[in-house]
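In case you want the letters, here they are:
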Amino acid sequence: MSINIAAIRDLLLPGLMDVTGQYQQIERQWSQIFKTHKSRMQLERTVQARYLPMARLKDEGGQTSFDNNAGERFVYNMEPSEVGLGYAITRKAIDDNLYADAFMPTNLGLNKSFSEYWEVDAANIFNTATTYNAALGGDGVALLSASHPYDDGTWANTSTTPQDLNEASLTNGMKSIRKNYVDEAGLKVRARARRLIVPVDLEDVAIRLTKTELRPGTANNDVNAILSLSGGLPDGYTVMDYLTSVRAWFLKTNIDGLVHLQRIPYETDMFCDFVTDNLLVKGYERGGFYYNDPRAIFGQVPAN
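Calculation criteria
- Residues numbered from 1 in each chain as written.
- Predicted model: local features only at pLDDT ≥ 70, side-chain atom pairs only at ≥ 80, totals over all residues.
- Heavy atoms only, no water.
- Pairing = 2+ DSSP bridges.
- Helix = DSSP H or I, 4+ residues; strand = E, 2+ residues; numbered from the N terminus.
- Axes fitted to C-alpha atoms, helices over the stretch in contact; angles between N-to-C directions.
- Contact = heavy atoms within 4.5 Å.
- Salt bridge = Lys/Arg side-chain N within 4 Å of Asp/Glu carboxyl O.

### Points about the sheet that holds strand S10 (residues 258-272)
Alright, step 1. Spatial ordering of the open sheet is given by S1-S10-S11-S4, a layout of 4 strands whose pairing is mixed. Two strands lie at the open edges of the sheet, namely strand S1 (35-38) and strand S4 (81-89), each paired on one side alone. Averaged over all adjacent pairs, the angle separating strand axes in this sheet is 30 degrees, with direction ignored.
Alright, step 2. Two elements, S1 and S10, share 4 bridges in a ladder whose sense is parallel. Within the sheet, the bridge partner assigned to Lys35 lies in S10 and is Val259.
Alright, step 3. Of the strands in this sheet, S4, S10 and strand S11 (279-291) are in contact with helix H2 (residues 110-127), which crosses S11 at around 20 degrees.

As structure tokens, then:
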């Protein structure tokens with residue numbers, strides 16, 4: 001059913017002081033965390049490859065060791081989603097609306113609707129980080145796992161027992177990224193924490209941990225090691241309004257792997273239906289949020 005004069009009956013009469021309902025939009029948050037990639041395919045794929053391992057000692061006069069195990073290991077699939085929303089409004093509702101400046105029939109907030117969708121979609125990468133999704137994941141385990149496989153064993157980007165955010169758990173996470181992240185051949189990679197990601201409920205904790213010059217939560221005069229440990233957190237912290245866990249927290253690393261895929265940018269269109277005289281307005285966008293390397297984050301999701 002179209003938006004008609006019954007839906008805007010008070011907008012047809014003089015005397016209204018104001019028309020409310022439009023509010024300031026939350027600033028874009030996902031762009032601080034995900035890297036945008038243009039898409040040109042129906043399905044985008046990323047291959048995680050295994051390169052050479054550590055060199056080996058060679059005996060005098062002996063043979064050089066060969067390793068011929070390099071090649072493809074894990075495949076991550078990214079299929080852009082179609083997102084759309086539209087509305088129809090009758091000609092009478094347009095012609096008789098006395099407050100078109102406030103309730104503009106050609107702009108009822110489509111851009112805000114799309115923006116909200118993508119923020120939720122981006123946050124869902126973190127909200128579902130402990131659940132394996134075969135449509136997204138490539139290595140057979142969840143984005144956050146203590147048993148990501150590589151050729152000679154496993155590596156972890158979370159703890160077996162999730163820890164709440166505090167000084168000890170944050171420094172342990174920063175150390176774990178540096179100590180335990182390896183490539184598919186088991187060689188250490190230069191992985192460092194760069195940004196802390198928290199829900200609204202942990203913003204105060206994030207402020208104390210990342211903004212205090214002295215050691216947080218104590219009367220000691222020790223320096224705050226978080227600010228310098230393994231390079232500190234140069235990108236600070238980000239609060240994501242759409243994280244569903246009030247206790248979950250994440251560290252974004254310097255390794256690219258959190259992907260915003262843009263297949264078709266946001267576009268709008270409108271036309272007047274010849275038969276009904278209804279104005280039809282719609283928006284369309286195609287893309288989504290994915291990951292193609294779990295080394296891009298470290299995280300803890302304690303039970304709420």
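### Overview of the sheet that holds strand S8 (residues 237-239)
Alright, step 1. Strand order in the open sheet made by the 4 strands is S8-S7-S9-S12, with mixed pairing throughout. Looking at which strands have only one partner, the edges of the open sheet turn out to be S8 and strand S12 (297-300). Each strand axis lies, on average, 20 degrees off the axis of its neighbour in the sheet, ignoring direction.
Alright, step 2. Looking at chain direction, strand S7 (residues 193-198) and S8 are connected through 3 bridges and run parallel. Looking across to S8, one finds that Val198 is bridged to Val239.
Alright, step 3. Here helix H4 (residues 203-211) sits on the sheet in contact with S7 and S8, set at roughly 170 degrees to S8.

### Quick notes on the pattern of salt bridges
Alright, step 1. A full pass over the atoms with the stated rule returns 13 salt bridges.
Alright, step 2. Here Asp164 and Arg247 are joined by a salt bridge, their closest N and O atoms 2.8 Å apart. Pair noted here: Asp164 is in the loop between strand S6 (153-155) and helix H3 (167-180) and Arg247 is in the loop between S8 and strand S9 (249-253), with a separation of 83 residues, a long-range link.
Alright, step 3. Between Arg208 and Asp204 there is a salt bridge; the shortest N-O distance is 3.7 Å. Here Arg208 and its partner Asp204 are both found in helix H4, 4 residues apart, which amounts to about one turn of the helix.

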